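As a plain string of letters, each chain reads:
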There are 2 protein chains.
Amino acid sequence: MARYDIYVTYREGIFDPAGATASRALGQMGYDSVKSVQIGKFIQLEADAELAEVTEMCEKLLANPVIEDYRIVPVEEA
Amino acid sequence: MARYDIYVTYREGIFDPAGATASRALGQMGYDSVKSVQIGKFIQLEADAELAEVTEMCEKLLANPVIEDYRIVPVEEA
């Protein structure tokens, strides 16, 4: 069984509404030092699949390639 | 300016609706090899803040400590 960590983030130039809201909220709470917050997805996948197949899953379902980038990192078995 | 990567995941035993839906959908799409999918948040924070302050931001806003765990990783400057 292979494990993959997948990081899904908005593409350059795509507005991140949750990140913008969190950033503004932190400022209002007094955390003036915050410059930016970006909120993406951290997906942990367990599957009997090769990297190529996981890439396909990202393209088709786990990410939206039109607005999101994704990075797949195979996790070493302990 | 410091940068932090923050990984927010559901605590052990807490149901992950998005992950369960993605897992089922992948199965229906023919990816029978998928055993589990867990979907958390990947937050990239840029701030003039020490780790202790970032931990506070996680406790108060970025994560929900009742149902979520978080891991903060300071990002080395290039």
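Please refer to the structure higher up on the page.
Remember, it's a predicted structure, so these values are computed and weren't measured experimentally.

## Thoughts on the environment of Ala-63 of chain A
The residue Ala-63 of chain A is located in the loop between helix 2 (51–62) and strand 3 (68–75) in this model. As for Ala-63 of chain A and Tyr-7 of chain A, which are separated by 56 residues in sequence, their C-alpha atoms are 9.3 Å apart.

## Here we look at the packing of helix 2 of chain A against helix 1 (residues 17–28) of chain B
Put simply, helix 2 of chain A and helix 1 of chain B touch, their axes get as near as 11 Å, and they point 110° apart. Judged by the inter-axis angle, helix 2 of chain A sits roughly perpendicular to helix 1 of chain B. As helix 2 of chain A packs across helix 1 of chain B, the resulting crossing turns out to be right-handed. Contacts between helix 2 of chain A and helix 1 of chain B involve Met-57, Leu-61 and Leu-62 of chain A on the former and, on the latter, Ala-22, Ala-25 and Leu-26 of chain B. Taken together, the residues of the contact of helix 2 of chain A with helix 1 of chain B break down into 6 nonpolar, no polar and no charged.

## Examining the packing of aromatic side chains
In the structure shown here, the tally under the stated rule is 5 aromatic pairs over all chains. Measuring from ring centre to ring centre gives 5.1 Å for Phe-42 of chain A and Tyr-7 of chain B, while their planes differ by 70°; the resulting arrangement is edge-to-face. One end of the pair, Phe-42 of chain A, is in strand 2 (residues 34–47); the other, Tyr-7 of chain B, is in strand 1 (residues 2–10), on a second chain. An identical accessibility class is assigned to Phe-42 of chain A and Tyr-7 of chain B; each is buried.

Conventions we followed
Residues numbered from 1 in each chain as written. Chains lettered and ligands numbered in written order. Predicted model: local features only at pLDDT ≥ 70, side-chain atom pairs only at ≥ 80, totals over all residues. Heavy atoms only, no water. Helix = DSSP H or I, 4+ residues; strand = E, 2+ residues; numbered from the N terminus. Axes fitted to C-alpha atoms, helices over the stretch in contact; angles between N-to-C directions. Parallel < 35°, antiparallel > 145°, perpendicular 65-115°, else oblique. Left-handed = near helix turned anticlockwise from the far one by under 90°. Contact = heavy atoms within 4.5 Å. Nonpolar A, V, L, I, M, F, W, Y, C, P; charged D, E, K, R; others polar. Phe/Tyr/Trp six-rings, centres within 6.5 Å; stacked < 30°, edge-to-face > 60°. Buried < 20%, exposed > 50% of the residue type's maximum accessible area, 1.4 Å probe, protein only.

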